[in-house]
Amino acid sequence: MQNEALASIAVLGGTGKEGGGLALRWAHKGHKVIIGSRTAERAQEAAAQMNEVLGSGTITGAANPQAAAQADIVVLAVPYAAQQSTVRDVEPALAGKILIDVTVPLVPPKVSRVQLPEGGSAVEAVQKMLGEGVRVVSAFQNISAHHLTKLDEEVECDVLVCADDSEAADTVVALAQEIGLRAWNAGPLCNSVVAEGLTSVLIALNRKYKVPGSGIRITGV
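Bear in mind the structure is a predicted one, so any value in this text is a computation, not a measurement.

Would you explain the sheet that holds strand β8 (residues 183-185) in this entry?
The strands that make up a sheet are held in pairs by hydrogen bonds between backbone atoms, and each pair lies either parallel or antiparallel. Taken together, 8 strands build an open sheet; the order of strands is β3-β2-β1-β4-β5-β6-β7-β8 and the sheet is mixed. What marks the edges here is a single partner per strand, and that holds for β3 (59-63) and β8. Neighbour-to-neighbour, the strand axes of this sheet turn through a mean angle of 25 degrees, independent of strand direction. As paired elements, strand β5 (residues 98-101) and strand β6 (residues 135-138) share 4 bridges and run parallel to each other. Among the inter-strand pairings, Asp101 is bridged to a residue of β6, identified as Ser138. Contacts between helix α2 (residues 40-54) and the sheet are confined to β2 (32-37) and β3, with β3 contributing the most and set at about 170 degrees to the helix.

Given below as C-alpha cells:
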C-alpha cells in the first residue's frame, strides 16, 4: 500500500453526515477521496457539494463497488442495517486492503440504549465475514459529525482504534491524527465493543445535557 499520506480513500456512505465529515477532512489534507453510495449519481452530487466547500475538484463520486475498487483504503460509514449487505457488495474490491469500519449497532428508536449484536462487536463480525485477506479496523464511532464538518474546529474527542492487525491500526491512528484527532491503538478488534457501545452512552449524554456532540478523552498516557 502507498504511504498513508498519499493514499486514496473511498468513503462508502460518504453521502451521510459522519462519512461526509471524514471525507471532507481527508480531502482538505490532500488525500484523493472517492465518495461511495448505492448510486453513482448520489455520490457524485455529494462530491460536488464537498468540492464547493473546499474550493477544489479533488473529491469524486461512484457507486460503492467502483469507489472501493479505486481506493487503497476503504471506509465503511453506513447505518448498521446496511453494514453487512454493503460489505458483500464491495467484497471483491477489498482483497489486501484496510477496511475502516465506523459502524455503530444502533437500533432505532432506542439509540441511547446499548444494543450490541449477538456475539458482541458489529465490526468484528465483518472481519469474520471477510477473512484474513482484509484487514478490518474499527474507528471513529465516537466522533460527532457535528464537529467533523467544521474544518477549523478542534474535535475534543479521542478515537479508539481496534484491529487484530496492529500495523493496520497504526495506519488508521496516523490518518486520524492527520485530520486533527487524537487517536489510540486500543488493542484487538474484539475491544471494539467498547467504542460501539459507548456511542449510545454519548447520545444519552447529548440528550440529557442538551449538547450537540459529547466525547471522550484518554488521560494518563
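The discussion continues.
Hey, could you run me through helix α1 (residues 17-28) in this one?
Note that an α-helix has 3.6 residues per turn; residues three or four places apart therefore point the same way. The end-to-end C-alpha separation of α1 is 16 Å, in line with the 16 Å expected for 12 residues at 1.5 Å each. Of the residues making up α1, those classed as buried are Glu18, Gly19, Gly20, Gly21, Leu22, Ala23, Leu24, Arg25, Trp26 and Ala27. Note on α1: the residue one or two positions beyond its end, Gly30, has a positive phi of about 100 degrees.

Honestly, the environment of Gly180 in this entry has me stumped. Any pointers?
Looking at where Gly180 falls in the secondary structure, it is placed in the loop between α7 (166-178) and β8. Here Gly180 falls in the partly exposed class, since its relative accessible area comes to 46%. Between the C-alpha atom of Gly180 and that of Asp170, which follows or precedes it by 10 residues, the distance is 16 Å.

I would appreciate a short explanation of the pairing of strand β1 (residues 8-12) in the present structure.
On any regular strand, side chains alternate: one points to one face of the sheet, the next to the other face. For β1, the tally of buried residues reaches 5 of 5 residues, placing the bulk of the element in the interior. Residue alternation in β1 divides its side chains into two sets, Ser8, Ala10 and Leu12 and Ile9 and Val11, and both sets are buried. Across 5 bridges, β1 lies against β2 in parallel orientation. Bridged to Ala10 within β2 is Ile34. In this fold, β1 hands off to α1, which returns the chain to β2; that crossover is right-handed. Sheet analysis places β1 next to strand β4 (residues 73-76), joined by 4 bridges and oriented parallel.

Procedures and definitions
- Going along each chain's sequence as written, the residues are numbered from 1 onward.
- Residue-level local features of this predicted model are given only where pLDDT is at least 70; pairs of side-chain atoms are given and counted only at 80 or more, and the full residue set underlies all totals for whole chains, interfaces and linings.
- Side-chain numbers here rest on the full set of heavy atoms in the structure, without hydrogens or water.
- A pair of strands is considered paired only if DSSP assigns at least 2 bridges between the two.
- We count a stretch as a helix when DSSP gives it H or I for four or more residues in a row; a strand needs E for two or more, and each element gets its number in order from the N terminus.
- For helices, the axis comes from a line fit to the C-alpha atoms of the stretch in contact; other axes are also lines fit to C-alpha atoms, and the angle between any two N-to-C directions lies between 0 and 180 degrees.
- In this analysis, two residues are considered to be in contact whenever any of their non-hydrogen atoms come within 4.5 Å of each other.
- Under the convention used throughout, the expected extent of a helix is 1.5 Å for every residue step, that is, one less than its residue count.
- The buried label goes to any residue with under 20% of its type's maximum accessible area, the exposed label to any with over 50%, and the partly exposed label to all in between, with areas taken from a 1.4 Å probe on protein chains only.
- Whether a crossover is right-handed comes down to one check: with the strands pointing away from the viewer, does the path from the first strand over the helix to the second run clockwise; if it does, it is right-handed.

By themselves, these are just geometric observations and shouldn't be taken as functional.
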